[in-house]
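Observations on chain architecture
Below, each chain spelled out in residue letters.
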Amino acid sequence: MLTFLPQLAIGVVDLVAVFLFMFGLQRMSSPVTAPSGIQVAGVGMLVAVLASFLYAFNVEAEAKPFLPINIALAVAALVLGGGLAWWVGRKVAMTAMPQMVAIYNGMGGGAAGAIAAVELFGAKTHGTTQLVVTLLGALIGAISFSGSLIAWAKLDGVIGKAFRINGQQALNLVFILACVGVGGYIVYAAQDGAHPFISMRALICLFFGLALVFGILMTLPIGGADMPVVISIYNAFTGLAVGLQGFVLQNPALMIAGMVVGAAGMLLTMLMAKAMNRSVTNVLFTNFGELVRHRPGDVKGSLRPVEASDAGIFMRYAKEVIVVPGYGLAVAQGQQKLYELVKLLQAAGVTVKFAIHPVAGRMPGQMDVLLAEAGVPYDMIFQLEDINDEFANADVALVIGANDVVNPAARTDKSSPIFGMPILNADRAKQVYVVKRGQGKGYAGIINALFYADNCNMVYGDAAAVLTKMIEAVRGLGSKAAA
Ligand code: NAP
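Residues numbered from 1 in each chain as written. Predicted model: local features only at pLDDT ≥ 70, side-chain atom pairs only at ≥ 80, totals over all residues. Heavy atoms only, no water.

1. As for helix α14 (residues 366-374)
Those residues of α14 not exposed but buried are Q366, M367, D368, L370, L371 and A374. Looking at the buried positions of α14, the neighbouring elements they touch are β1 (320-325), α12 (327-332), α13 (335-347), β2 (351-356) and β3 (381-383). Positive backbone phi, at 90°, marks G375, one or two positions downstream of α14. (Buried < 20%, exposed > 50% of the residue type's maximum accessible area, 1.4 Å probe, protein only. Helix = DSSP H or I, 4+ residues; strand = E, 2+ residues; numbered from the N terminus. Contact = heavy atoms within 4.5 Å.)

Structural data, given as structure tokens:
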């Protein structure tokens, strides 16, 4: 009875945790319910962590003397890790979010790898199936750990460029095959009566070493700008590794949470690749992010700059303005100013809508989060397919810090790297204002013909500074009218 009760309690609490994960994830599918979804899933995680302490009631007799010290170590790790995550999470800038996600993925993969290492190095006897699953989890976890660290270093600018050598793919293949080979040899060496030519410990160390190096080699050649997709892949890997270790530890909450993360990460990866009109293999095996596809002379026309105040006044007298936010808005942290301007325009009777491209910014949902941060109501925010036809009726498209997501080359230029990517039809508005600092290219590194179009004017400057000037101009009109 005494041993049965903790088992039952673990089962029930795990079930509650899994339900909370699923429910939280379901709520994350809409920006309206996403904040509460994150809270629900967070409570699920807390429940799962607390439930893991129930396993202490079931330890074998010889492990009992170590129980207090193990529990103390677990609590210390939780306080340290949780405290650090809380502190970093509070102070991280919105534009640095992808780096943070990369680090957390790496930690997840590393944790799965560490669990596998404890199991493999431990003296416990494994059945073949359990050993294979442990090794698989160790492989994926270790690759995810070292690969995510490289992804973080690239996004953070610690590693500045892609490292690519001749025969890179062949080298990667050699490493992964060697790793799988060593894994297979470990399974053989664990059989009764086997006589491995080196010790089991040495084999396990070699296995981890090869997997870690493979993670590094696989990630180093990928261009920095492709890292968000790579992070998403590692997110899926981490989930898978954790799920496999859940199987090894016979922990249902870990198993299901890992699989859910793995599936969600894979879906996200595919959605991002689709929205960029690329395949996942194309992201992994080409160095797209490093190429500059600037072909001088293939765009006709000239750039026509205007003052921010003139653009502001023009919008004040427009009937409908559609705002297209992009990565530059996040860099400038101009979202509050943008909403301030929008409220002034609305007060003057202008209809204002926001058009969001699925891959605007540098991570999925970044623009939604940015606008939510500024308090923009959700009913003003429209996804590409819901608003694209409306640009033709709009008086103004205000493109602010966006570039690739409004590049008409995606529709017409078969040689363009973004050909086939759905874009926002900003060019079809009667007047387009593009706010950017200078001649900088977007993520794809290509010229944007929209900027040279007859209906387009450039408003140069940092997005936040330009918006401040627009606000002053619109306010000035209001006070003149009152006077
Ligand atoms: P973008 O094409 O990268 O263009 C951003 C523009 O913002 C640049 O042209 C830059 O020009 C301008 N800018 C930068 N800082 C600024 C500031 N402080 N003030 C004003 N302007 C500033 O951005 P996007 O249109 O949002 O497109 C996103 C791109 O990222 C797509 O190609 C997408 O495929 C890719 N991507 C997205 C994701 C995702 O999940 N969202 C993931 C991976 C890749 P200046 O330097 O001249 O100012």
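2. Here we look at the confidence of the model for the chain
The predicted model of the chain averages 87 in pLDDT, with 93% of residues at 70 or higher. This stretch, residues 288-294, has a pLDDT under 50; its non-local contacts, to residues over four places away or in other chains, come to 21 contacts. (pLDDT = per-residue confidence, 0-100.)

3. Quick look at the packing of α13 against α14
Interhelical geometry of α13 versus α14 gives an angle of 65° and a closest axis separation of 8 Å. Considering the angle they form, α13 stands roughly perpendicular to α14. Two packed elements cross with a definite hand, and for α13 against α14 that hand is right-handed. Touching Q335, Q336, L338 and Y339 of α13 are L370, L371, E373 and A374, all from α14. Per-class residue counts for the contact of α13 with α14 are five nonpolar, two polar and one charged. (Axes fitted to C-alpha atoms, helices over the stretch in contact; angles between N-to-C directions. Parallel < 35°, antiparallel > 145°, perpendicular 65-115°, else oblique. Left-handed = near helix turned anticlockwise from the far one by under 90°. Nonpolar A, V, L, I, M, F, W, Y, C, P; charged D, E, K, R; others polar.)

4. A closer look at the pairing of strand β6 (residues 456-460)
Within β6, four of the five residues are buried, leaving the element largely enclosed by the surrounding structure. Sheet analysis places strand β5 (residues 431-436) next to β6, joined by five bridges and oriented parallel. Opposite V434, over in β6, you have M458 as the bridge partner. (Pairing = 2+ DSSP bridges.)

5. With respect to the sheet that holds β3
With respect to topology, six strands assemble into an open sheet ordered β3-β2-β1-β4-β5-β6, the strand pairing being parallel. Two strands close off the open sheet at either side, each with one partner strand: β3 and β6. Between one strand and the next, the sheet's axes are offset by a mean angle of 25°, whatever the strand orientation. Inspection of the sheet shows β2 paired to β3 by three bridges, in the parallel sense. Following the sheet pairing, I356 is matched in β3 by Q383. Sheet contacts for α14: β1, β2 and β3; angle to β2, the most-contacted strand, approximately 145°.

6. Some remarks on the site of the ligand
The full set close to the ligand counts 30 residues, and R362, N403, D404, R437 and D462 are the nearest of them. Here an oxygen atom of the ligand and a side-chain polar atom of K436 are 3.0 Å apart. Here the ligand has 920 Å² of accessible area as a free molecule, and 97% of this is covered by the chains. Among the elements that line the shell around the ligand, the one with the most residues is α12, at four residues. Looking at side-chain class alone, the shell around the ligand contains 14 nonpolar, 10 polar and six charged residues. (Near = heavy atom within 4 Å. Polar contact = N/O pair within 3.5 Å; in protein donor to acceptor, adjacent residues only side chain to side chain. Areas by Shrake-Rupley, 256 points an atom, 1.4 Å probe, with all protein chains shown as cover.)

7. Overview of a nonpolar patch on the surface
Residues L8, V12 and V16 make up a contiguous nonpolar surface patch of about 240 Å² in total accessible area. Tracing the chain through its elements places V16 in helix α1 (residues 4-27). Take V16: its relative accessible area is 40%, and that puts it in the partly exposed class. (Patch = residues over 30% accessible without salt bridge, like charges linked within 9 Å, V, L, I, M, F, W, Y side chains within 5 Å. Salt bridge = Lys/Arg side-chain N within 4 Å of Asp/Glu carboxyl O.)

8. A few points about helix α6 (residues 168-189)
Here α6 is 22 residues long and its end C-alpha atoms lie 31 Å apart, about the 32 Å a rise of 1.5 Å per residue gives. Taken residue by residue, α6 has Q168, N172, I176, C179, V182, G183, I186, V187 and A189 as its buried positions. Considering only its buried residues, α6 is in contact with α5 (128-155) and α7 (200-219). (Expected span 1.5 Å × (residues − 1).)

9. Quick word on the side chain of T219
Structurally, T219 is set in helix α7. Beyond its immediate sequence surroundings of up to four residues, T219 is in contact with G147, I150, A151, K154, M227, V230 and Y234.

10. A look at the pattern of salt bridges
Under the definition given, this model contains four salt bridges. Close ionic contact of K353 with E390 constitutes a salt bridge, the shortest N to O distance being 2.5 Å. Here E390 lies in the loop between α15 (384-387) and β4 (396-400) and K353 lies in strand β2, a separation of 37 residues in the sequence. The class for K353 is buried, based on a relative accessible area of 18%. R411 is the salt-bridge partner of D427, the closest N and O atoms lying 2.8 Å from each other. Residue D427 is located in the loop between α16 (409-412) and β5, and its partner R411 is located in helix α16; the two are separated by 16 residues in the primary sequence. For D427, a relative accessible area of 19% gives the class buried.

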